[in-house]
Amino acid sequence: MAAKWIETLVGSLDQKRQYKHHMARIEALPQPYRNAAEALQRYFMYQGGILDGDTLITMLGDFVELWERAVADGTPVRAIVGDDPVEFAETFLQAYSGKQWIDKERVRLRKAIDAAAGDNGEEKSA
Amino acid sequence: MGNQMTEMLKGTLEGIVLAILARRSAYGYEITAWLRDRGFSDIAEGTIYALLVRVEQRGFVDVEKVPSAKGPPRKVYSLNAKGREQLAEFWRTWSVLAERIEQLHHNDNQHNEGA
């Protein structure tokens, strides 16, 4: 289901090809790394909200590399993810937050408050 | 490491990593190992990895992919001119912050002794 959703989002055939390639690399990870990576990937899909395909592919590629590296070095899952997997997931996503939908809302909020506070930055008092 | 330590470290971790890279180029695992050796025992490798991704995207480091015997190539990070500027800014900010907090600490101690 996530794959379908992502394919409508991700535009070009080249991106689709890369996306499938990265997903295949996740599936090829030995356990327990595969389960950890898939659980995080699922969370990214809900939380991420990254709009453009290029950023998404870059993120996924870096993510897969992190786990392949962990497998090669024999680094335990917990040492990669830390005590709080949610915290890790959020930190990881933040590195790619340049083009998230929420950024548009951040700009909008700043503009609205600028306008409310007046151009000179001083509040108008009644 | 306690929760307060983790929270406080969050804002300074980027500066710490840039400072490590100012000494010499390194890959993610080396940086994590270095931090663990020096008492930052609870730092997850993934957190450092994400931080390195971020400083790379902000243009503070140059990255070289070095083949490794096992697994994908290792990304070796080195601080560039923009990164050194950022690090200098971090140290300036740190000095101001540390001084002000120490002052609070000092005043607080005096107050307690006087009471």
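Residues numbered from 1 in each chain as written. Chains lettered and ligands numbered in written order. Predicted model: local features only at pLDDT ≥ 70, side-chain atom pairs only at ≥ 80, totals over all residues. Heavy atoms only, no water.

Enquirer: Could you give an account of the overall build of chain B, with specific residues and numbers?
Expert: Per the secondary structure count, chain B includes five helices and three strands. For chain B, the sequential pattern of α-helices and β-strands runs α-α-β-α-α-β-β-α. Scaling as 2.2 N^0.38, a compact globule of 115 residues should have a C-alpha radius of gyration of about 13 Å, whereas chain B reaches 17 Å, well beyond that. If one aligns the C-alpha atoms of chain B with their principal axes, the spans along those axes are about 65 × 30 × 20 Å. Out of the 115 residues belonging to chain B, those deemed buried represent 35%. Accessible surface for chain B amounts to roughly 7200 Å². Of this, 52% is attributable to carbon and sulfur atoms. For chain B, the distance from the average position of its 15 positive side-chain charges to the average position of its 15 negative side-chain charges is 8 Å. (Helix = DSSP H or I, 4+ residues; strand = E, 2+ residues; numbered from the N terminus. Rg over C-alpha atoms; globule rule 2.2 N^0.38 Å. Buried < 20%, exposed > 50% of the residue type's maximum accessible area, 1.4 Å probe, protein only. Areas by Shrake-Rupley, 256 points an atom, 1.4 Å probe, with all protein chains shown as cover. Lys, Arg positive; Asp, Glu negative; His and termini not counted. Charge placed at Lys NZ, Arg CZ, Asp CG, Glu CD.)

Enquirer: Mind laying out the sheet that holds strand β2 (residues 61-66) of chain B, listing which residues take part and the relevant values?
Expert: Strand pairing within a sheet occurs via backbone hydrogen bonds; the two strands may be parallel or antiparallel. The three strands are arranged β1-β3-β2 (chain B) in an open sheet whose pairing can be described as antiparallel. Two strands in the sheet have a free side with no partner beyond their single neighbour: β1 (26-27) and β2 of chain B. (Pairing = 2+ DSSP bridges.)

Enquirer: I'd love a proper account of helix α3 (residues 33-47) of chain A, names of residues and values included.
Expert: The end-to-end C-alpha distance of α3 of chain A, which contains 15 residues, comes to 21 Å, matching closely the 21 Å that a straight helix rising 1.5 Å per residue would cover. Every buried residue belonging to α3 of chain A is among Tyr33, Ala36, Ala37, Leu40, Gln41, Phe44 and Met45 of chain A, and all of these are buried. (Expected span 1.5 Å × (residues − 1).)

Enquirer: Can you lay out the side chain of Glu45 of chain B for me, pointing to particular residues and giving the numbers?
Expert: Tracing the sequence through the fold places Glu45 of chain B in helix α4 (residues 45-57). Although Glu45 of chain B is buried, it forms no salt bridge, and the closest oppositely charged side chain is Arg36 of chain B at an N-O distance of 5.2 Å. The residues contacting Glu45 of chain B, other than those within four sequence positions of it, are Thr75, Ala79 and Ile80 of chain A together with Tyr29, Thr32 and Arg36 of chain B. (Salt bridge = Lys/Arg side-chain N within 4 Å of Asp/Glu carboxyl O. Contact = heavy atoms within 4.5 Å.)

Enquirer: Describe the confidence of the model for chain A, naming the residues involved and giving the relevant values.
Expert: In this model, chain A carries an average pLDDT of 83, and 79% of its residues clear a pLDDT of 70 or more. Element-level mean pLDDT values for chain A span from 59 in helix α1 (residues 2-9) of chain A up to 93 in helix α5 (residues 77-81) of chain A. (pLDDT = per-residue confidence, 0-100.)

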